[in-house]
Amino acid sequence: MSQEANPFESLQSQIDEAATYLDIGDDVIERLKYPERVLETNLTIERDDGTLERFKAFRSQFNGDRGPYKGGIRYHPQVSRDEVRALSGWMTYKTAIVDIPLGGGKGGIILDPDDYSESELERLTRSFAKELRPMIGEDRDVPAPDVNTGQREMNWIKDTYETLENTTEPGVITGKALDSGGSEGRVEATGRSTVIAAREAFDYLDKDLEGATVAVQGYGNAGWIAAKLIDEMGATVVAASDSSGGIYNPDGFDPVAAKDHKNETGSVVGYEESEEEITNDEVLTLDVDLLIPAALENAVDEDLAADVSADVISEAANGPLTPAADEVLKEKDVFVIPDILANAGGVTVSYFEWVQNRQRFYWSEERVNEELETVIVDAFDALVEAYEENDLDNPRTAAYVVAIQRVADAFAEAGSWP
Ligand code: NAD
């Protein structure tokens with residue numbers, strides 16, 4: 001994985017590229033390239049052995065022109081101010097391309113959660129929730145899970161917030177467990193949008209998804225669900241990887257059994273239906289019809305992009321291609337469905353969760369999946385319209401053209417404030 005590209009610079013170059021096709025002043029574009037504010041805070045908690053430890057944490061509120069800030073909270077050693085700023089910007093354009101009435105935010109704490117006990121993580125999460133309390137709320141900023149956080153952490157944040165505010169406000173956070181006001185379909189939503197978008201792209205490109213070969217990099221929540229659903233659509237998953245390495249079988253394998261193997265052993269590596277163990281880079285460069293990067297940012301850099309052989313890429317991860325890699329893939333005519341659309345299922349069902357929380361009325365899984373299908377298909381159609389109208393050669397630019405215009409319109413309609 002390349003660490004060369006600064007994700008915040010990647011975001012800004014994507015905005016600049018799209019801005020060349022938009023009739024929006026440079027001054028407005030400048031505003032749309034920076035977060036409105038970033039909280040940087042130090043959290044000190046007591047470890048189980050009685051010693052104290054300090055952790056740095058961030059929350060970036062990028063843009064609220066279209067609605068409350070929305071975005072996950074990540075626990076990872078590589079969390080940084082720039083990463084959080086970039087991710088909050090991507091959230092802004094993600095909620096805009098799928099046209100849900102929310103803005104963009106993102107947060108994170110620098111730590112490796114594997115090094116801490118559950119009670120230490122609970123104290124840390126509650127401490128962060130206490131810091132976040134004045135800036136979050138169902139009409140202000142609605143956090144959600146991201147890498148290494150899930151329902152457990154969301155439930156702790158909700159409970160801390162509601163206790164301090166002396167209220168019940170389940171819509172303050174999404175990605176909750178069902179019993180705490182979560183939504184049906186949320187766990188599968190990101191993988192689901194990744195494959196709906198891939199299906200639409202195959203249709204647009206007149207390619208057959210039935211029998212198409214698929215490689216999936218990263219076999220966590222987003223990756224493995226995408227593998228399972230694309231298999232159900234008739235495609236053949238031939239390769240997968242996680243942080244320990246990759247597996248390959250040119251005839252395909254059962255993605256659910258590969259996940260069971262990972263659950264039992266900690267990795268897909270060693271799964272019995274695999275013919276060959278391959279490296280992570282080899283998974284990314286296999287000659288397949290569809291590649292699904294579903295790990296972290298910057299997985300594919302310029303050099304690796306030169307070896308990518310897939311025809312279509314559906315970005316389950318956020319920012320898996322560096323801008324230089326994007327250029328190379330454009331030259332090679334690879335159709336890249338950008339992260340802000342491909343993985344928008346997560347935030348879309350988070351939005352449905354928020355709507356259900358506010359109405360105190362809960363939907364069936366079938367309804368959630370149907371509504372998600374409509375949102376992703378409509379977003380893909382809007383992307384294609386901008387792609388064709390502007391004679392673009394990169395679907396990512398088309399997505400940003402649509403999304404930036406929507407945010408700029410909301411800003412313009414609000415008028416100015418001193
Ligand atoms: P996760 O922690 O469940 O899974 C991450 C997976 O990536 C793990 O299998 C891990 O082993 C693997 N991985 C890590 N480094 C790797 C490497 N170098 N090569 C190959 N595999 C590697 O996380 P997730 O929730 O699936 O998120 C994955 C990506 O999808 C992130 O970029 C995240 O921001 C994005 N995303 C997730 C959601 C969601 O709802 N889960 C929503 C939108 C975007």
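Look a little higher up for the structure.
Since the structure is predicted, the reported quantities are computational estimates derived from the model, not experimental observations.

About the thresholds
Residues numbered from 1 in each chain as written. Predicted model: local features only at pLDDT ≥ 70, side-chain atom pairs only at ≥ 80, totals over all residues. Heavy atoms only, no water. Helix = DSSP H or I, 4+ residues; strand = E, 2+ residues; numbered from the N terminus. Rg over C-alpha atoms; globule rule 2.2 N^0.38 Å. Buried < 20%, exposed > 50% of the residue type's maximum accessible area, 1.4 Å probe, protein only. Contact = heavy atoms within 4.5 Å. Pairing = 2+ DSSP bridges. Axes fitted to C-alpha atoms, helices over the stretch in contact; angles between N-to-C directions. Parallel < 35°, antiparallel > 145°, perpendicular 65-115°, else oblique. Nonpolar A, V, L, I, M, F, W, Y, C, P; charged D, E, K, R; others polar. Near = heavy atom within 4 Å. Polar contact = N/O pair within 3.5 Å; in protein donor to acceptor, adjacent residues only side chain to side chain. Areas by Shrake-Rupley, 256 points an atom, 1.4 Å probe, with all protein chains shown as cover. Domains from an automatic or database assignment.

**Section: the overall build of the chain**
- A tally of helices and strands in the chain yields 15 helices and 12 strands.
- Against the globule reference of 22 Å for 418 residues, the chain gives a C-alpha radius of gyration of 20 Å, in line with a compact fold.
- Reported as C-alpha extents along the three principal axes, the dimensions of the chain are approximately 55 × 55 × 45 Å.
- In the chain, buried positions account for 61% of the 418 residues.
- Considering only residue pairs separated by 6 or more positions, the chain has 69% of its internal contacts joining residues 24 or more positions apart.

**Brief notes about the sheet that holds strand 11 (residues 312-314)**
- Pairing within the open sheet is mixed, and its 7 strands lie in the order 9-8-7-6-10-11-12. Each edge of the open sheet carries a strand with a single partner, namely strand 9 (276-278) and strand 12 (335-337). Strand-to-strand twist in this sheet, taken as the mean axis angle between neighbours without regard to direction, amounts to 20°.
- Looking at chain direction, strand 11 and strand 12 are connected through 3 bridges and run parallel. Bridging from a neighbouring strand, I313 pairs with V336 of strand 12.

**Structural notes on the packing of helix 1 (residues 7-19) against helix 15 (residues 395-414)**
- Across the interface, helix 1 lies against helix 15 with an axial gap of 9 Å and an inter-helix angle of 80°. Between helix 1 and helix 15, the angle falls in the class roughly perpendicular. Of helix 15, the residues touching helix 1 (which contributes L11, Q14, I15, E17 and A18) are R396, T397, Y400, V401 and I404.
- Counted by class, the contact of helix 1 with helix 15 contains 6 nonpolar, 2 polar and 2 charged residues.

**Some details on the site of the ligand**
- Neighbouring the ligand are 23 residues; T190, N221, A222, A295 and N318 lie closest to it.
- One nitrogen or oxygen atom from the main chain of G220 is found 3.2 Å from an oxygen atom belonging to the ligand.
- One nitrogen or oxygen atom from the side chain of N280 is found 3.2 Å from a nitrogen atom belonging to the ligand.
- Its free accessible area being 820 Å², the ligand has 82% of it covered by the protein chains.
- Elements with a minimum of two residues in the shell around the ligand: helix 6 (186-204), helix 7 (221-232) and strand 7 (236-242).
- Tallied by class, residues from the shell around the ligand come to 8 nonpolar, 10 polar and 5 charged.
- Here the shell around the ligand spans two domains, since at least three of its residues come from each of domain 1 (7-173) and domain 2 (189-342).

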